[in-house]
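Each chain is listed here by its residues.
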Amino acid sequence: MNQGPNVGSPAAGRPGQMTAVMRAMAQATGPKVLRIGLVQGGRVIEERIIKQRTSVTVGASEKAMFVIPSNVVPAQFKLFELLGADYYLNFMDGMSGRVALATGITDIAALKGQAKRVGNAYQVKLTEEARGKIVVGETTFLFQFVAPPPVQPRPQLPLAVKGGLASQIDWNLTIIAAFSFMLHFGMIGAMYSDWMDPIVNDDVNVQGLIDLASKVPPPVVEDKPADTKSDDKKADDKPAPAAKPAGPAGPKAPKTSDAAAAKLAQAAEALQVGILAAFNGSSAVQGALSRSDIPPVDLSGAAASGAAVSSAGGDLHLGSGGGVVQPGRGGGLGSIAGGNGTGAGNGAGTLTAVQGPRGDASIGATSASVPVNNLERVVAGLRPKFKNCYQTQGLNIDPGMSGSVTMVVKIAPNGEVNSADPSANSGLSDPVVRCIARVLKNAQFDAPGSSGSTVQIPVKFVKQ
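Residues numbered from 1 in each chain as written. Predicted model: local features only at pLDDT ≥ 70, side-chain atom pairs only at ≥ 80, totals over all residues. Heavy atoms only, no water.

Novice: Account for the overall build of the chain, naming residues and giving values.
Specialist: The number of helices and strands found in the chain is 14 helices and 19 strands. Among the 464 residues that make up the chain, the fraction classed as buried is 25%. Accessible surface, the chain as shown: approximately 31,800 Å² in total, 56% of it carbon and sulfur. (Helix = DSSP H or I, 4+ residues; strand = E, 2+ residues; numbered from the N terminus. Buried < 20%, exposed > 50% of the residue type's maximum accessible area, 1.4 Å probe, protein only. Areas by Shrake-Rupley, 256 points an atom, 1.4 Å probe, with all protein chains shown as cover.)

Novice: Outline the pattern of salt bridges, supporting the account with residue identities and numerical values.
Specialist: Pairing is possible between side chains that carry opposite charge, provided their charged atoms lie close to one another. Tallied over the full model, the rule gives six salt bridges. One salt bridge connects R48 with E46, and the closest N-O pair in it is separated by 2.3 Å. On the accessibility criterion, R48 (28% relative accessible area) is partly exposed. Linking R383 and D360 is a salt bridge whose minimum nitrogen-to-oxygen distance equals 2.8 Å. Of this pair, R383 sits in helix α13 (residues 383-395) while D360 sits in strand β15 (residues 359-363); the two residues are 23 residues apart in sequence, bridging distant segments of the chain. (Salt bridge = Lys/Arg side-chain N within 4 Å of Asp/Glu carboxyl O.)

Novice: So what about the packing of aromatic side chains? Which residues, and what values?
Specialist: Inspection of every chain in the model, using the stated rule, returns six aromatic pairs. When the centroid spacing of 5.0 Å and the interplanar angle of 35° are considered together, the rings of Y390 and F461 count as tilted. In this pair, Y390 is assigned in helix α13 and F461 in strand β19 (residues 453-463), connecting sequence segments 71 residues apart. Given the relative accessible area of 0%, Y390 is considered buried. (Phe/Tyr/Trp six-rings, centres within 6.5 Å; stacked < 30°, edge-to-face > 60°.)

Novice: Outline the pairing of β19, listing residues and values.
Specialist: Two elements, β15 and β19, share five bridges in a ladder whose sense is antiparallel. Each bridged residue has a counterpart across the sheet, and for A361 the counterpart in β19 is F461. Bridge count for strand β17 (residues 403-411) against β19 is nine bridges, and the pairing is antiparallel. Looking across to β19, one finds that S404 is bridged to K460. (Pairing = 2+ DSSP bridges.)

Novice: Requested: an account of a nonpolar patch on the surface, with residues and values cited.
Specialist: Judged by side-chain polarity, L165, I169, W171, I175, F179 and M182 come together as a nonpolar surface patch covering roughly 680 Å² of accessible area. Positionally, L165 belongs in the loop between α3 (159-162) and α4 (171-192). (Patch = residues over 30% accessible without salt bridge, like charges linked within 9 Å, V, L, I, M, F, W, Y side chains within 5 Å.)

Novice: So, the environment of V39: which residues are in play, and what are the values?
Specialist: The residue V39 is located in strand β1 (residues 33-40) in this model. Distance from V39 to T139, taken between C-alpha atoms, is 6.0 Å for residues 100 residues apart in sequence. Filtering out sequence-adjacent residues up to four positions away, V39 remains in contact with V44, E138, T139, T140 and L142. (Contact = heavy atoms within 4.5 Å.)

Novice: Let's hear about the sheet that holds β1: which residues, and what values?
Specialist: Pairing is antiparallel across the open sheet formed by six strands, whose spatial order is β2-β1-β12-β11-β7-β8. Only two strands of the sheet have a single partner each, and these edge strands are β2 (43-49) and β8 (104-107). Pairs of neighbouring strands in the sheet enclose a mean axial angle of 20°, with direction left out of account. (Axes fitted to C-alpha atoms, helices over the stretch in contact; angles between N-to-C directions.)

Novice: Residue-level account of the side chain of T139, with values.
Specialist: Within the secondary structure, T139 sits in strand β12 (residues 139-146). Residue class for T139 comes out buried when judged on its relative accessible area of 2%. Side chain to side chain, T139 and Q40 meet in a polar contact 3.1 Å long. If we ignore the near neighbours within four places in the chain, the residues touching T139 are L38, V39, Q40, I68 and I134. (Polar contact = N/O pair within 3.5 Å; in protein donor to acceptor, adjacent residues only side chain to side chain.)

Novice: A description of the state of the cysteines should follow, citing residues and the corresponding values.
Specialist: Scanning the model with the defined rule gives one disulfide in all. With a sulfur-sulfur separation of 2.0 Å, C389 is cross-linked through a disulfide to C435. Because the sign of the S-S torsion sets the handedness, a value of about -60° for the bond joining C389 and C435 places this disulfide among the left-handed ones. Linking C389 in helix α13 with C435 in helix α14 (residues 430-441), this pair joins segments that are 46 residues apart in sequence. Among the residues examined, C435 registers a relative accessible area of 10% and is labelled buried. (Disulfide = S-S within 2.5 Å.)

Novice: Would you mind going over the sheet that holds strand β4 (residues 66-67) in detail, with residue names and values included?
Specialist: Taken in spatial order, the six strands of this open sheet run β4-β3-β5-β6-β10-β9, and their pairing is mixed. For this open sheet the edge positions go to β4 and β9 (116-118), each flanked by a neighbour on one side alone.

Novice: Now, about the pairing of strand β18 (residues 417-426): what can you tell me, with residues and values included?
Specialist: Where β17 and β18 come together, eight bridges link them in antiparallel fashion. Its bridge partner being in β18, I411 is matched across the sheet by V417. From the end of β17 to the start of β18, which pair antiparallel, there are five residues, and G415 there has a positive phi angle of about 95°.

Novice: Describe α14, and please don't skip the residues or the numbers.
Specialist: In this model, α14 (twelve residues) spans 16 Å end to end at C-alpha, consistent with the 16 Å of a helix rising 1.5 Å per residue. Those residues of α14 lying buried are V432, V433, C435, I436, A437, V439 and L440. Packed against the buried residues of α14 are α13, β17, β18 and β19. (Expected span 1.5 Å × (residues − 1).)

Novice: Explain the packing of α13 against α14 residue by residue, including any values.
Specialist: It is the contact of α13 with α14, at a shortest axis distance of 9 Å, that shows an interaxial angle of 150°. When the axes of α13 and α14 are compared, the pair comes out roughly antiparallel. Seen from above, α13 lies across α14 with right-handed handedness. Across from K385, F386, C389, Y390, Q393 and G394 in α13, the residues of α14 making contact are P431, V432, C435, I436, V439 and L440. (Parallel < 35°, antiparallel > 145°, perpendicular 65-115°, else oblique. Left-handed = near helix turned anticlockwise from the far one by under 90°.)

Take a look at the structure:
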């Protein structure tokens with residue numbers, strides 16, 4: 001007798017046995033949860049497992065867990081109430097149904113005798129084996145307790161999708177390359193920048209040059225014959241006498257240098273005071289002392305004389321006399337201005353103010369689709385503002401400007417101006433027209449009526 005491959009196995013022909021896959025799945029543990037089905041019109045329209053043990057509310061309120069149209073229960077009624085770890089069934093008069101409890105299957109009406117009265121409702125404790133149906137108006141609730149469904153793991157992306165551009169970068173090499181670029185470019189920038197250069201103080205440089213000039217050693221004084229021409233003619237015949245004056249000048253040089261040094265210090269101080277007094281301590285002192293083509297001179301001779309700085313040429317020169325230049329003395333600025341030397345000039349002339357062209361504005365005959373009571377008076381009052389627009393935005397920019405424009409003004413029913421646009425412009429610039437439009441928009445007229453009014457205002461501008 002041929003038998004199937006599963007014949008004789010313990011699970012063969014035994015329906016309801018769990019398969020290996022079902023046994024491998026993790027079974028949820030803990031108290032059972034409510035499974036509720038909502039039936040309307042003989043059809044199950046919703047089925048829900050209350051995974052979190054909480055109270056189940058029904059009613060017409062949007063905050064209820066099951067929204068149903070019913071006048072039997074309040075807007076948010078706790079049909080299944082969780083008190084502690086147990087569920088309780090709450091029902092009211094007007095509700096029907098059957099409930100299977102540990103004591104047996106009982107109608108809702110029969111449960112009123114053993115139920116607890118809570119306000120307008122009755123309350124019965126449910127066990128995890130309880131099931132049944134509750135009819136609320138035209139809606140039927142089917143309920144039972146079931147094991148909680150297994151927790152579904154969160155979906156995760158595959159590794160190929162998770163790894164993006166960041167996972168393909170060699171971060172160690174990237175960081176080393178970044179620091180290398182920063183170091184090299186920072187060194188190059190520091191080489192070409194001037195933030196490390198010392199700050200140069202012009203006042204210190206001028207004072208240093210003056211001090212340096214005061215410390216210049218005097219030159220060696222040599223005795224020269226009175227007649228240089230005869231010495232040139234006799235240079236070939238008598239070379240020895242020319243060398244004799246240099247002999248005695250050698251040992252006398254230190255005594256002459258010491259004596260001249262004292263005079264040189266005094267001359268330098270007098271020279272410094274003369275320079276600062278002559279140029280009033282301005283930048284010309286630095287310009288004069290910084291010239292490199294000033295030849296060394298014998299300052300001992302200058303100190304012996306009464307000369308000071310002269311104004312001839314572009315360098316520092318010692319004059320032949322006259323003493324130190326003293327501000328406040330002399331002819332004054334009158335000699336420069338062409339005066340008589342008394343310090344007062346002949347005057348700077350008369351200032352004459354020149355005025356540009358002036359403009360005038362004239363307003364022509366206005367017309368309105370709906371009569372406005374104070375139209376002529378308001379427009380006449382705006383004439384000075386029109387004239388100001390023509391003067392400031394027109395003639396001050398283009399002295400030859402003149403022309404005319406017709407403005408179309410739409411007045412609202414309350415008298416306010418909705419818009420002011422030009423319909424015909426001749427010779428006027430856009431800034432002038434925009435200025436006129438702003439003036440008209442700020443005007444206030446009498447109320448023309450429910451439909452408003454459209455007014456045409458011609459304005460002409462001419463030069464005076």
